[in-house]
Amino acid sequence: MKESKKVVTTEGTTQFSAELIAKMEEAKNCFPEGKEKSAILKILHLAQAEFGWLSVHSMDQIAEILRVEPIEVYEVATFYTMFHLEPVGKYVFEVCRTGPCMLVGSDQLIEYIGHKLNIGIGETTKDGLFTLKTAECLGGCGYGPLLQCRHRFHEHLTPEKIDSLIEQYQRGEIKPGAL
Amino acid sequence: MTNRKLLLEHLDVPGIQGIDAYVKHGGYASLKKALQKMSPDEVVEEVKKSGLRGRGGAGFPTGLKWSFLAKPEGIPRYLVCNADESEPGTFKDRYLMEKIPHLLVEGMILSSYALGAKTSYIYIRGEFMYVLEILQNAINEAYAKGYLGKNIFGSGFDHDLVITPGGGAYICGEETALLESLEGKRGNPRIKPPFPAVKGLWASPTVVNNVESIAAVVPIVRDGGDAYASIGIGKSTGTKLVSACGNLERPGVYEIELGLSVEEFIYGDNYCRGIAKGKKLKACVPGGSSVPILPHHLVTKTAAGEQRLMTYESLADGGFQSGSMLGSGGFIVFDEDQCIVRNTWNFTRFYAHESCGQCSPCREGTGWMEKVLHRLETGKGHLRDIDLLADINKKIEGNTICPLGDAAAWPVAAAIRHFRDEFEWHVTHPEEAQIRNYGLIQQPLVA
Amino acid sequence: MVKVTIDGVEVSVEPGTTILNAARQIGGDVVPPAMCYYSKLPGTGGKCRTCLVEVAAGSAADPRPMPKLVASCSTPVQDGMVVNNKSSQRVHDNRGGVVEFLLANHPLDCPICDQAGECHLQDLGYEHGSAKTRYEEDRRIFEPIDIGNKIKLHMNRCILCYRCVYVANQLTDKRVHGVLHRGEHAEISTYIEQAVDNDFSGNMIDVCPVGALTDRTFRFKSRVWFLKPMEAERSCSKCCGKAVVWMFGNEIYRVTARKDQFGEVEEIEQKTAWLCNDCRFEKKEVTDWNVLGPRVINRQSVISQGKYATTIDKPVKRIS
């Protein structure tokens, strides 16, 4: 296993709109004065919901909003697994692969999705629509196999359900579950 | 056995997510009772009497935990709800918050009153963002009704409740890591002492409680601590949400009275209805992935042949030699075709993935165990690897900053203790292990 | 004052003192090794777990033993506490375990590491490690990177003690590096290409217990044991100007802070004698310094075995 220094890409613009900044300021206001850094995770989620991933530019803007050093934002963003630090597809399928889901076939399901979309784990389809990722326990153990996509859980999955799910996403019929 | 429900009683009431239906079915009556008729100390006293034990997994008496809270003058105190439910096998809090969000909101206000907290926080795992929005709606409704904000029920008690998301980290379920995360930092558990009861959120005295524990305060105040304590057996009082999963005919969240037999829970018509597809029971992890696995002959009966019950004590009967733990109530069942080595590797991969990396035994030890187990599972192991695992285990257990090290060590130790032959089989039958690894037992979905 | 007994030796210390610091007051081999704790950097400690000790009696009031080994650097003593360090087999076994963990992914590249000879991990391995490794897996690999033109970061060697992060927080005006990612993948990094450039950033090298952060101006110049450590001083507007210059013949090869027997930067006149980058990296001419005389290396270390005198038998002579 070789790990090299992160190659940072800055694709597309990730300039925050006034509207987004207003939402972030609102998140800050949930905490006492001087403790605004507490809102960082909410703010990172908001930025990711807007752009799909967290660019260095996004994180630097967040550092300014929170009045902290950029490294403090990088440290936090890289700790938590929900944040995508590289560009991803429009829809990211994060399939749970932990024990209880494995017992009901998540390994096979992940393989099926990869086969269906013709991508490996961590890869994005050529049309930029789907990224396949694995996730550790998502807290839906009794309803597996399951995946999450844009804050929405899809549970009790079967190959047939995956087929129709992919079609529904392709048609843009499924809205985000939150944010 | 009767099956009283204290938390999920009104689960099927249409619209119970909303405040009107909730109030109509007795909601916020406990809050009103406490604020108008009870002193904060009396609420604490009822919780102590109830015998309620922390429902997040550790099982520490909630009332006692509350009584440790330091109360220096002029410094705010906080109540923080741990809604970072992430222990594999556990999905009860999500269920409760999603179905009856006001129960948690009422419990938070009530508990904050008992603790003298003017502001409280719910830290919910980021993956439950949609549940956060459900709870936020409930909080907004409670503000609109005057159950939150200033002078609640004319009692002079003011309270604000804030909900905030995590970002994907199991470790934030550890209370000091949660507090770090809530302060906007990496979820590194703190070195203790000091404990949160003295220095918690922003260095103020803080109590961190699990969702279910806080929700349970509502029926405790309504019926009294003694009534709650009359349910259950011995020191396992009240009801408990158990989330059942794995190879069960009917997995899901069940509210049980503590003391129900494990046999009834697995096979009973009101509960899981047996093993899926008519298969046989192979093993069970009764309290979330970190508790020791029990082989089939120790699931429904203890080593001494007594009936195993769903209580803290009975599940732990036999210690680590032949017992396990009630833990968080994440009840994972394995059918006869499941591979224990593969599952142990899977769990260890989870802990390696979730280690914060702060202290060396956990950072290096979980990763090491994962690699050794992966070799064993894929038929590339040696017999000496089994003893190596057992030894790595001992070097992690008890030597880490937080309990994640123990949580990672216990399942491996127990799997080797009870299923050593299966580990050895993977070494002596490498090719079969490879095949079994992927597809012999569960047919692949892709031909 | 409270009384605590460590390995059978009783000592009276201020209330609130940690077990480790109480042991340091006794001195000698009852002192547990510490890889992450650094007394001059508040907040450090608790992470490496090498200083684990056994508490055989919690206090006079509650003499029960503590069930788990405790980190001596972050556990305060109680009156009547009884602690076992070197006298406990359990401590010995578990410390060996911690050393094994620390070495599991370590590249063992001492032959090409500038820290060799004064490396705390080397000493720890020497004292508590095993001659064999049981780790058969691939080691994790990071590329070495330059963080600025003065400091080299070899993440492969890092044990994640976090000391350098505390240096940046407490001694510099702006922190640009930190700990990124988590678990096995946690690393010290700047995330984006960025120079750690600050008057006091060089102190990160002095606090690093291993060869993760090394001095680029000294890189591959010499093994440390070929050099002669000399106490030296200069007048500096930024720092105390009191250093150790490491000489070969009449040339200064490198400059470090003065360190005590625990490998920590010394206190001089009640202030920790941190060095500024100017003194450390730019002043390499003998004329830059007033060289005072040989520096005693008090620390028990692999290279100090028989190499440096542990006491000075004549007073320090001023060389001018």
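Residues numbered from 1 in each chain as written. Chains lettered and ligands numbered in written order. Predicted model: local features only at pLDDT ≥ 70, side-chain atom pairs only at ≥ 80, totals over all residues.

### Focus: the sheet that holds strand β8 (residues 239-246) of chain B
All names here are of chain B.
Right, so step 1: Judged by pairing direction, the sheet is mixed, and its five strands sit side by side in the order β9-β8-β12-β10-β11 without closing on themselves. Bordering the open sheet on either side are β9 (252-257) and β11 (294-295), each of which pairs with just one other strand.
Right, so step 2: Sheet topology places β8 next to β9; six bridges connect them, and they run antiparallel. By the bridge assignment for β9, S243 is matched with V253. (Pairing = 2+ DSSP bridges. Helix = DSSP H or I, 4+ residues; strand = E, 2+ residues; numbered from the N terminus.)

### Focus on the interface of chain B and chain A
Right, so step 1: Contacts between the two partners involve 51 residues from chain B and, on the opposite side, 42 residues from chain A.
Right, so step 2: Of all the secondary-structure elements, those providing two or more residues to the side of chain B that touches chain A are α7 (129-145), β4 (157-165), β8, β9, β12 (330-335) and α14 (340-354) of chain B.
Right, so step 3: The biggest single contributor to the side of chain B that touches chain A is α14(B), with six residues.
Right, so step 4: When its residues are assigned to classes, the side of chain B that touches chain A shows 22 nonpolar, 20 polar and nine charged. (Contact = placed C-beta atoms within 7 Å. Nonpolar A, V, L, I, M, F, W, Y, C, P; charged D, E, K, R; others polar.)

### A few points about the domain arrangement of chain C
Residues and elements named next belong to chain C.
Right, so step 1: Annotation of chain C at the domain level lists domain 1 (2-88), domain 2 (99-131 + 138-218) and domain 3 (225-294).
Right, so step 2: Each of domain 1 and domain 3 has a C-alpha centre, and these two points are 32 Å apart.
Right, so step 3: With four residues of domain 1 at the contact, the number on the domain 3 side is four residues. (Domains from an automatic or database assignment.)

### A few points about the nonpolar core
Right, so step 1: In terms of nonpolar packing, the biggest core is built from 281 residues, with V80(B) and L104(B) touching the most fellow members.
Right, so step 2: Among residues more than four places away in sequence, those in contact with V80(B) are S120(B), Y121(B), Y123(B), L178(B), L179(B), L182(B), L201(B), T206(B) and V208(B). (Core = buried A, V, L, I, M, F, W, Y, C linked by C-beta atoms within 7 Å. Buried ≥ 20, exposed ≤ 12 C-beta atoms within 10 Å, placed from the backbone.)

### A word on the environment of A197(B)
All names here are of chain B.
Right, so step 1: If you trace the backbone, A197 turns up in the loop between α8 (175-182) and β5 (206-210).
Right, so step 2: According to the C-beta neighbour criterion, A197 is partly exposed, with 18 such atoms within 10 Å.
Right, so step 3: Separated by 126 residues in the primary sequence, A197 and K71 have C-alpha atoms spaced 9.1 Å apart.
Right, so step 4: Look past the residues within four positions of A197 in its chain and what remains in contact with it is F68, L69, A70, P205 and V207.

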